[in-house]
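For reference, the chains in residue letters:
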Amino acid sequence: MDVTHLSPDEVIFWESGFVKLNATIVFTWVVMAVMILTSWLVTRRLSTSSDVPKAQNMLEVVVEFLRGEIAEVSGGDKPDSYLPFVGTLFLFIAGASLFSIVPGYVAPTASLSTTAAMAGAVFLAVPIYAIVCQGPRTFLRRYVEPSPVMLPFTVLGDISRSFALAVRLFGNMMSSAKIAAILVVVIPFVFPIVFQALGLLIGMIQAYIFAVLAMVYIASGMTVTETSEASADRTKHRERSAH
Amino acid sequence: MDAQTIIALGSVITAGLTVAIGASAAAIGEARALDRGLASLAQQPDEAGGITRTLFVGLAFIESSGIYCFVISLILIFANPFVDLLAGG
């Protein structure tokens, strides 16, 4: 990707009629393949003894960190039901931005199509988690809850926050890729490395923010409507899990 | 000056102004949030986890206004809809 391309969507590797393979798709596949291969290789020989392989130790640190964050944001109960979704978002965004140390690679998250797809997944996950956990009535009541006048604003808020989620990640990842491309043209020595390092830091922070915001949205779809019955249920559950 | 030149001129100047004003306003907002966050961290180091997480999420929200400005300036430069409108009509 050079300065004139707005996003990796415009870099086309292979084209045959209707089917196009652009840089976004190819690099998404590369990230997926490397991450799947790594986790398969690491989890092939898991050990519970005191002699833990280095790679397993590293992945355990990541999973423990994610579980801790999810538990704190969602209010302390069962992080494991959110871990597959929120954890995947975090790992994919973090992996996609970590790979930018490889020359010629452009983060697939620097394309609005990727981030819009992930924000759409979060948009769908909010009602799905809420309906599975609390039933459709409790979920729908949130929209008319102090008064039905608020209905259009709540719906508008749901849509605009998903839009913000997509644009925030796209803007951050694309701007760091673009700054690197411009600096290589203007000052090709040493200086771009500093900005690449800054880009790596920004990528990690954005991955964290995306995952935490997804978790906050999912949690807000459930806890706002919490009835006294549900909270009593949860206290019971917590007491049970404490024993 | 034909219409194409006027559109290009207006787009470039507006894009620069959008990023300049948008970025400085967002930077002031983020600096104020970070100021309070650091003060709270110094007062209550025990609550570091909660404060840091809330600070990051809040900064993300503040930053999105700056990023909207950045995206609008990019649209003006790279994908200006009025250029196509002129070429089509």
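What you see is a predicted model; the values in this text were computed from it and never measured.

Scoring rules and cut-offs
- Residues numbered from 1 in each chain as written.
- Chains lettered and ligands numbered in written order.
- Predicted model: local features only at pLDDT ≥ 70, side-chain atom pairs only at ≥ 80, totals over all residues.
- Helix = DSSP H or I, 4+ residues; strand = E, 2+ residues; numbered from the N terminus.
- Buried ≥ 20, exposed ≤ 12 C-beta atoms within 10 Å, placed from the backbone.
- Contact = placed C-beta atoms within 7 Å.
- Core = buried A, V, L, I, M, F, W, Y, C linked by C-beta atoms within 7 Å.
- Pairing = 2+ DSSP bridges.
- pLDDT = per-residue confidence, 0-100.
- Expected span 1.5 Å × (residues − 1).
- Arc of directions from axis to C-beta.

How should the overall build of chain A be read in this particular structure?
Along its length, chain A carries 8 helices and 2 strands. When the helices and strands of chain A are listed from N to C terminus, the series reads β-β-α-α-α-α-α-α-α-α. Considering chain A as a whole, with its 243 residues, one finds that 28% of them fall into the buried category. Sequence-distant contacts in chain A: of pairs separated by 6 or more residues, those separated by 24 or more amount to 67%.

Where do I start with the nonpolar core in this structure?
Most often, soluble globular proteins have nonpolar side chains that are buried together. Residue and element names in this part refer to chain A. Core analysis: the biggest nonpolar cluster contains 44 residues, and Leu89, Phe90, Ile93, Phe210, Ala211, Ala214 and Met215 have the highest contact counts within it. Residue assignment for this core shows that the elements contributing at least two residues are α1 (23–44), α2 (54–74), α3 (83–98), α4 (112–134), α6 (151–186) and α7 (191–223). Per element, the largest residue contribution to this core is 11 residues, and it comes from α7. Residues contacting Ala211, with those up to four places away along its chain left out, are Val86, Leu89 and Phe90.

What am I meant to see in the pairing of strand β2 (residues 19–22) of chain A here?
Every regular strand shows the same layout, with side chains that alternate between the two sheet faces. All names here are of chain A. Here strand β1 (residues 12–16) pairs with β2 via 4 bridges, running antiparallel. Bridge pairing links Trp14 to Leu21 in β2. Counting the residues between successive antiparallel strands, the hairpin from β1 to β2 contains 2 residues, one of them, Gly17, with a positive phi of roughly 65°.

Please clarify how the confidence of the model for chain A should be interpreted in this entry.
In low-pLDDT segments, the atomic positions of the prediction should not be examined closely. For chain A, the average pLDDT comes to 83, and 88% of its residues sit at 70 or higher. Ranking the helices and strands of chain A by mean pLDDT puts α3 of chain A first, with 92, and helix α8 (residues 228–242) of chain A last, with 54.

Could you clarify how one ought to interpret the interface of chain A and chain B in this entry?
A common way to report how large an interface is uses the accessible area buried once the components associate. Contact residues are listed per partner, giving 13 residues for chain A and 13 residues for chain B. Put simply, the parts of the chain that give the side of chain A that touches chain B at least two residues each are α6 and α7 of chain A.

Can you walk me through α1 of chain A in this structure?
All names here are of chain A. In a regular helix each residue adds 1.5 Å, so 22 residues correspond to 32 Å; α1 covers 31 Å between its end C-alpha atoms and thus fits that length. When α1 is considered as a whole, its buried residues turn out to be Ala23, Thr24, Phe27, Thr28 and Val31. Summarising the axial view, the buried residues of α1 lie within an arc of 130°, below the 170-degree limit, and thus occupy one face. Within α1, the exposed residues directed more than 90 degrees away from the buried face are Trp29, Ala33, Ile36, Leu37, Trp40, Leu41 and Arg44. Buried residues in α1 make contact with β1, β2, α3 and α4.

Any chance you could explain unusual backbone geometry here in plain terms?
A negative phi holds for most residues other than glycine; trans holds for most peptide bonds. Residue and element names in this part refer to chain A. The residue Val190 is not glycine, and still its phi comes out positive at about 60°. By the element assignment, Val190 lies in the loop between α6 and α7. Overall, Val190 belongs to the exposed group, with 7 C-beta atoms counted inside 10 Å.

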